[in-house]
Amino acid sequence: MMDEEKRMKKGKVYLIGAGPGDPELFTLKGKRCLEKADVIVGDYLADKRILRFANKNAEYIYVGKSCGSHTMTQQDISRLLAEKGKEGKIVARLKGGDPFVFGRGGEEIEVLRAAGVDFEEVPGVTSAIAAPAYAGIPVTHRKVAASFAVITGHEDPTKGHSDIHWEKLAGAVDTLVFLMGVGRTQHIAEELIRYGKSADTPAAFVRWGTRPYQETYTTTLGEAAEAVKKYGIKPPSVFIVGNVVNLREQLCWYDNKPLFGKHVVITRSRTQASRLTEVLEDLGAFCTEIPSIKIESPDDGWASIDQGIEKLAEYNWIVFTSQNGVDAFFKRIYEKGFDTRALGHVKIAVIGPATDKQLLLYGLKADCVPSAYKAEDLAEAMKPLVRRGDKILLPRAKVARSVLPEMLTGYGCHVDVAEAYETVCDEENKEKLKELLVNHEVDIITFTSSSTVFNLVDQLDGKTGLLDGVSLACIGPITADACRKYGLEPQIISDTFTIDGLTEAIVKGVAKE
């Protein structure tokens, strides 16, 4: 029966343009195709962050080709796509830029058609337009350029002749955009000048266009080849020739972002890192998520939280000190067969607006939210609200500061601390972190709690010297003090203990450099 179902299932290959690099330029249709794919065949220039849209059970096959390094020949790639399609698989072929703009998409489709495999081409944003745009160079402009051409800098070497009409390009097209042409810059410049293009024509190279580590070099056509040698310009780069290059001074926007070019390591847990990454990348940073912690259920079980849930009717208050505490509590309360109606008589206090916002996801709003975000501030805010003899349930991390229950007990309340979760060291990417630090590729590391500090030091096997020259950015003084326990002095400390507060502090810190 299974063999019959397999024969009946019809495969299909989607050739998807992954765009120029910025994952937010990936198309909605590409995302939809990627979500349903059984197999993903990835390209060298297809940004790996796009894979977050993929089915977690999808098979991933890397077939990238870069200058001097081919994982698989083009013929083998085409055969692979056909084989997977004939197996009845939905295949997402991710290709940098657009599959039909020097992406050899046509060649792959010819093989698919010959094999009788269904296919579809999903256009992508091409680097020929996007890379110049991110450098502040429009390929057309009403007052400067009425035409543009996209030309390969790397023709098929097996042809034995060139199909590029240099004499026409030199005189008839305002803006010329060459892809894959860095290694042939001298030849390109010589041919254009030979057929009448002025050697003084403005020119530019945009390397890794649309990515946070984008590099832009401006020059002239006559000096372009020398610029490649002088600045060590390497692929992948787009080479632009035309007067539109002069507009960069007025239209430059991407590399004017306050955090442009800064490589930031995010140490929050994997489930929480995306919010900080999104905010920082909007400001031009290049973020690498290397969680130092992961959130797990208490290693000794749910005994204390279960006891609290069973006695919910006895409590006057429930206090949450983190978003993780909120999620862990409600996960367990649902598993025990209760819902939010069981909390109808209880008042709720939280630390900070982020925890209050998380609480709202479960249909509840806190009765007490202090204006500052430390345990001491929460205790002070609750002081006029609680009565002697009140019973308080405090679901929180297994290891946490004792100040809050001690202060509340001092007011005459009875406090039950329930272990709702624990933070443990996430060592999955520790070697990647060490490699980045050894190669001096990190500018800033963010810490959002003391546990992120403790566990990052564990990831480094205590070798804190690897952090020399790296700016440490901490949410609040308590997290900063955790750094100091290891002899590390934070350069950036936010006064407001939120993601937005930390981001603002990072921007101010970078501006002072």
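- The name an unreviewed UniProt entry gives the chain is uroporphyrinogen-III C-methyltransferase, with Dialister invisus DSM 15470 as the organism.

Concerning the environment of Cys368
Consideration 1: Residue placement: Cys368 occurs in the loop between helix H13 (352-360) and helix H14 (375-382).
Consideration 2: Measuring from C-alpha to C-alpha, the distance between Cys368 and Leu378 comes to 8.1 Å, with 10 residues separating the pair along the chain.
Consideration 3: Residues within four places of Cys368 in sequence aside, it is in contact with Trp317, Ile348, Ala349, Val350, Leu378, Ala381, Met382 and Leu385.

Describing the packing of aromatic side chains
Consideration 1: The full count for this structure, using the stated rule, is 19 aromatic pairs.
Consideration 2: Sitting above the plane of the Tyr315 ring, Lys391 keeps its charged end 5.6 Å from the centroid.

With respect to the packing of helix H3 (residues 74-86) against helix H4 (residues 105-114)
Consideration 1: Interaxial distance between H3 and H4 falls to 9 Å at its minimum, and their mutual angle equals 45°. Judged on the interaxial angle alone, H4 and H3 are oblique. Like other packed secondary-structure pairs, H3 and H4 cross with a definite hand, here right-handed. Where H3 abuts H4, its residues Gln74, Ile77, Ser78, Arg79, Leu81 and Ala82 lie against Glu107, Glu108, Val111 and Leu112.
Consideration 2: Class assignment for the residues of the contact of H3 with H4 results in 5 nonpolar, 2 polar and 3 charged.

Description of the UniProt feature "domain: Tetrapyrrole biosynthesis uroporphyrinogen III synthase" (unreviewed entry) in the chain
Consideration 1: The residues that UniProt annotates with the feature "domain: Tetrapyrrole biosynthesis uroporphyrinogen III synthase" (unreviewed entry) are residues 275-504.
Consideration 2: Helix makes up 38% of residues 275-504 and strand 20%, with an end-to-end C-alpha separation of 14 Å.

Each value, and the rule that gives it
Residues numbered from 1 in each chain as written. Predicted model: local features only at pLDDT ≥ 70, side-chain atom pairs only at ≥ 80, totals over all residues. Heavy atoms only, no water. Helix = DSSP H or I, 4+ residues; strand = E, 2+ residues; numbered from the N terminus. Contact = heavy atoms within 4.5 Å. Phe/Tyr/Trp six-rings, centres within 6.5 Å; stacked < 30°, edge-to-face > 60°. Lys NZ or Arg CZ within 6 Å of the ring centre and 35° of its normal. Axes fitted to C-alpha atoms, helices over the stretch in contact; angles between N-to-C directions. Parallel < 35°, antiparallel > 145°, perpendicular 65-115°, else oblique. Left-handed = near helix turned anticlockwise from the far one by under 90°. Nonpolar A, V, L, I, M, F, W, Y, C, P; charged D, E, K, R; others polar. UniProt positions renumbered as here; feature names shortened; annotations may be inferred.

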